[in-house]
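Observations on chain architecture
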Amino acid sequence: MNSYPPEILSCGAVIVRWDRGAFRYLLLKSFNFWDFPKGQIEEGEKPLETALREVWEETTIRDLTFPWGQDYYETEPYFRGKKVARYYLAETRRRGIRLPINPEIGRPEHSDWAWFTRSEALKHVTPRVQEVILWSDTYLAYDRRVGQH
């Protein structure tokens, strides 16, 4: 990966919820692409602060916890090599979310949302986002709840 900081750093969270013996991943749909909530850093923000703000603005979720710590995964550069997305792994107990209206564009940023199993999520996302899900396995596959019923 390029050792220089990207021109654009987008921060967000892989949000999971424990449900019926497995983790479910929250994905948001924008145009024809599914991804995790994320957005660009605003002046004076730290990356984790950006991730929390973006999750709130895009989903209304505020109860995120970070039981696996605050490690993160950064994608390879995309968008003509100018942008990198940083994702933290977070958990929520929320089942339902809202897609609030973004005042800058006059509509929600996303057209749909869903909780997916790992295998469903991998089928819905681009290879760049698949890499993020595979990174989350490093933590989720060894969670004390996995394998217990």
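Attention here is on the structure that accompanies the text.

Rules behind the numbers
- Residue numbering note: each chain is counted from 1, following its sequence as written.
- With the structure being a predicted model, the display of local features is reserved for residues of pLDDT at least 70 and the display and counting of side-chain atom pairs for 80 or more, all residues being used for whole-chain, interface and lining totals.
- Side-chain numbers here rest on the full set of heavy atoms in the structure, without hydrogens or water.
- Helix and strand assignments follow DSSP, with helices taken as H or I runs no shorter than four residues and strands as E runs no shorter than two, numbered in order from the N terminus.
- To get the radius of gyration, use the C-alpha atoms; to get the globule rule, take the number of residues to the power 0.38 and multiply by 2.2 Å.
- Three exposure classes are used, based on accessible area relative to the maximum for each residue type with a 1.4 Å probe and protein chains only: buried under 20%, partly exposed in between, and exposed over 50%.
- When checking whether two residues touch, look at their non-hydrogen atoms; a contact exists if any pair is within 4.5 Å.
- When charges are tallied, Lys and Arg are placed among the positive residues and Asp and Glu among the negative ones, while His and the ends of the chain are skipped.
- Working definition for charges: the position is that of NZ of Lys, CZ of Arg, CG of Asp or CD of Glu.
- Every case where a carboxyl oxygen of Asp or Glu lies within 4 Å of a side-chain nitrogen of Lys or Arg is listed as a salt bridge.
- Ring geometry is summarised as follows: Phe, Tyr and Trp rings, the Trp one being its six-membered ring, pair when their centres sit within 6.5 Å, and such pairs are stacked at plane angles under 30 degrees, edge-to-face over 60 and tilted between the two.
- The rule is short: NZ of Lys or CZ of Arg within 6 Å of the ring centre and within 35 degrees of the ring normal puts a charge over the ring.
- To form a nonpolar core, buried Ala, Val, Leu, Ile, Met, Phe, Trp, Tyr and Cys residues must be joined to one another through side-chain atoms within 4.5 Å.

**Considerations on the overall build of the chain**
Counting secondary structure elements, the chain contains 3 helices and 9 strands. In the chain, the succession of α and β elements from N to C terminus is β-β-β-β-α-β-β-β-β-β-α-α. On C-alpha atoms alone, the chain measures out to a radius of gyration of 15 Å, which is about the 15 Å that the 2.2 N^0.38 rule sets for 149 residues. Counting only C-alpha atoms, the chain reaches 45 × 35 × 30 Å along its principal axes. Counting over 149 residues, the chain shows a buried share of 46%. Taking as baseline every contact in the chain between residues at least 6 positions apart, the subset at least 24 positions apart corresponds to 67%. One way to put it: in the chain the 22 positive side-chain charges average out to a point 6 Å from where the 22 negative ones average out.

**Looking at the pattern of salt bridges**
Under the criterion given, the structure shown has 14 salt bridges. In this structure, the salt-bridge partner of E57 is R53, at a minimum N-O distance of 3.2 Å. Of this pair, E57 and R53 both sit in helix α1 (residues 47-59), 4 residues apart, which is roughly one turn of that helix. Connected via shared salt-bridge partners are R17, D19, R20, R24 and R95.

**Description of the packing of aromatic side chains**
Using the criterion set out here, one finds 8 aromatic pairs in the structure. Geometrically, the ring pair formed by F36 and Y87 is edge-to-face, given 5.9 Å between the ring centres and 75 degrees between the ring planes. Of this pair, F36 sits in the loop between β3 (33-35) and β4 (38-40) while Y87 sits in strand β6 (residues 83-91); the two residues are 51 residues apart in sequence, bridging distant segments of the chain. For the pair formed by F36 and Y87, the shared burial category is buried. Here the aromatic cluster, defined as three or more aromatic residues joined through ring pairs, consists of W18, F23 and W68. In this arrangement the basic side chain of R86 is found over the ring face of Y72, its NZ or CZ atom lying 3.8 Å from the centre.

**Some details on the side chain of R86**
Turning to its location among the elements, R86 is positioned in strand β6. Non-local contacts of R86, meaning those with residues more than four positions away in its chain, are made with L9, S10, C11, G12, P47, Y72, Y73 and E74.

**A word on the nonpolar core**
Looking at soluble globular proteins, one finds that nonpolar side chains tend to be buried together. Counting 23 residues, the largest nonpolar core has V14, V16, Y25, F36 and L89 as the members making the most contacts within it. Elements that contribute at least two residues to this core include exactly β1 (8-19), β2 (22-30), β6, β9 (112-116), α2 (118-124) and α3 (127-140). For this core, the element with the highest residue contribution is α3, accounting for 6 residues. Core analysis: the second largest hydrophobic core is formed by 10 residues, I15, L26, L28 and V55 among them.

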